[in-house]
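Topology and contacts: notes
Next come the chains, spelled out residue by residue.
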Amino acid sequence: MMAARLSELHRVLKPSGSLYLHCDPTASHYLKIILDTIFGAENYRNEIIWKRRTGSSSAVHQSNKFGVCTDSIFFYAKTAKSSLHPQYNMDADGYQDYVEKFFKYTDENGRIYRLADLSNPAPRPNLMYEYKGYKPPINGWAISKEKMEQWEKENRLYFPRDKNGRIQRKRFLDELKGKPVQSLWDDIEPIGAQAAERLGYPTQKPLALLERIIQASSNPGDVVLDPFSGCGTAIAAAQKLGRRWIGIDITHLAIAMHKSRLKDMFRLEAGKDYEVIGEPQDLAAARQLARENRYQFQWWALSLVQARPLGGGEGSKSGKKGSDQGIDGLIPFVDDASGKLKRVLVQVKSGHVKSGDIRDLAGVLSREKDAPLGLFITLEPPSSEMVREAASAGFYTSDLWQKDYARLQILTIEQLFDGATVQMPPAYAAFKQAQRVKKDDAVQGELEL
């Protein structure tokens, strides 16, 4: 599966481009052989080791092997034209100790600095010059006389009172970028269970991890492609850093999370600020999706009303729809001063709808005290009996908004295409909200493919 996709990624990659492949240790050695074959061993740059958890819990340790707390990230270039922007970290282990130990001088302008040797490590006869009465080191100076004069003008040289002493360089603290990042990345923490960044997606990566990769191997305006985009971390990082982007995923659940995340973080709207390719645009396409995969249809339909999916679906171990029997999704909202969440329960049907479906949904609403509203989404038009059953459920009165809402509503896919929406108090957030990015002026541009 990966060989075919890596071959295509190599084909579309620019000569100046790079590829980063994230995998766990069980597959890394196989994937490196494939990458060497496709990209060429000469274009291998690094195997980056990311420490994805602390490894201190005995719960993840097995008796017959050491615990695994790292993943591999293979870094390959398309050609020798690929460049790398070095990355630095001021929070790296030992960096602050280094600063406190060596940066102990302050110049007349209040700038903190340390002293550094200006001697050459190897003999350089052309750099054996005397400067203002100071004799050169045994191997000569590390810089030319012209550079020495420039640094003196910039107040970057320390002259000892004794002419027998050695001129040294001032390295200013405010010019340090941090400790250079190497191939061991143990400074990017995994996303904690209570972290504000966590969206609830099982394979979600930290935003900082993707930001480092994108900053290292691209420039503003470049295109970033993530062909397994998951919950959209790579495209969110690309948008934040002023890159153009393309995200690909096979599930409509992932695409729904992308849209939610881009809206929360950057106020971007699908169809206005960026294009989504592959979603149904008419009834015929919706029917085709329903025939091909009812779970994909369900996730897509839920995204039309920004509802969060519930339960298993395709690929789950349980195969159940969730704790509420027959419920496919929910829309949370706040409707009183306490701030406690209430729910709109959503059921999706792609065919064979009947009045009994409405009665079943009404029964669930009567049991769920925090779910005063229900929404039934159907691909096929509802019968008149279904409409009567829904109407008989009555109304829910919002004390906060002083408005009545039909307790059980039916919306067809055709109506949703035409712009219909569920009638309810303002939604709180379907997915767990991504943190808004202050720099929201970077807008996805047009892609030239």
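Just so it is clear, the model here is predicted, and its values are computed rather than measured. (Residues numbered from 1 in each chain as written. Predicted model: local features only at pLDDT ≥ 70, side-chain atom pairs only at ≥ 80, totals over all residues. Heavy atoms only, no water.)

1. Considering the packing of aromatic side chains
Short version of the rule: The criterion for an aromatic pair is that two Phe, Tyr or Trp rings (for Trp, the six-membered ring) have centres within 6.5 Å, with stacked assigned to planes under 30 degrees apart, edge-to-face to planes over 60 apart and tilted to the rest. Helix and strand labels come from DSSP, where a helix needs a run of H or I of at least four residues and a strand needs a run of E of at least two; each type is numbered from the N terminus. Partly exposed describes any residue whose relative accessible area lies between the buried limit of under 20% and the exposed limit of over 50%, with all areas from a 1.4 Å probe on protein chains only and scaled to the type maximum. Distance and angle both matter: a charge sits over a ring if NZ of Lys or CZ of Arg is within 6 Å of the ring centre and within 35 degrees of the ring normal.
Under the criterion given, the structure shown has 13 aromatic pairs. Summarising the aromatic geometry, the rings of Tyr 95 and Tyr 98 are spaced 6.3 Å apart at their centres and angled 40° between planes, so their arrangement reads as tilted. With Tyr 95 and Tyr 98 both in helix α3 (residues 95-102) and three residues apart, the pair spans about one turn of that helix. Given the relative accessible area of 28%, Tyr 98 is considered partly exposed. Every member of this aromatic cluster is reached through a ring pair, and the members are Tyr 95, Tyr 98, Phe 102 and Phe 103. Seen from the ring of Tyr 44, Lys 32 lies directly overhead, with NZ or CZ sitting 4.2 Å from the centre.

2. Thoughts on the nonpolar core
Inclusion rule: Here, nonpolar core refers to any group of buried Ala, Val, Leu, Ile, Met, Phe, Trp, Tyr and Cys residues whose side-chain atoms link them within 4.5 Å. In what follows, residue pairs with any heavy atoms lying within 4.5 Å of each other are defined as contacts.
Within the largest apolar cluster, 27 residues are counted, with the highest numbers of intra-cluster contacts made by Ile 73, Trp 185, Leu 209, Leu 262 and Phe 266. Elements with a minimum of two residues in this core: β2 (44-51), β3 (70-77), α5 (207-217), α6 (233-240) and α7 (252-266). Residues in contact with Leu 262, not counting those within four places in the same chain, are Ile 235, Trp 245, Arg 267, Leu 268 and Tyr 274. Residues Ala 286, Val 346, Leu 373 and Val 422 belong to the second largest nonpolar core, which totals 26 residues.

3. Overview of the pattern of salt bridges
Inclusion rule: Between Lys or Arg on one side and Asp or Glu on the other, a salt bridge is scored when a side-chain nitrogen of the former is within 4 Å of a carboxyl oxygen of the latter.
Under the criterion given, the structure shown has 17 salt bridges. Here Asp 36 ties to Lys 32 by a salt bridge, and the two come within 3.1 Å at their closest N and O atoms. Placement of both Asp 36 and Lys 32 in helix α2 (residues 28-39) is noted, with a separation of four residues, approximately one turn of the helix. Judged by relative accessible area, Lys 32 falls into the partly exposed class, the value being 23%.

4. Some details on the packing of helix α10 (residues 355-367) against helix α11 (residues 384-391)
Put simply, the rule reads: Note on geometry: axes are C-alpha line fits, over the in-contact stretch for helices, and angles between N-to-C directions span 0 to 180 degrees. Oblique is the label for every angle not falling under 35 degrees (roughly parallel), over 145 degrees (roughly antiparallel), or within 65 to 115 degrees (roughly perpendicular). With the far helix as reference, a near helix turned anticlockwise by less than a right angle produces a left-handed crossing, and one turned clockwise produces a right-handed crossing.
At a minimum axis separation of 8 Å, α10 and α11 run at an interaxial angle of 15°. Viewed along their axes, α10 and α11 adopt a mutual orientation that is roughly parallel. Taken as a pair, α10 and α11 cross one another with a handedness that is right-handed. Each of Ser 355, Ile 358 and Arg 359 in α10 lies in contact with α11, whose residues at this interface are Glu 385, Met 386, Glu 389 and Ala 390.

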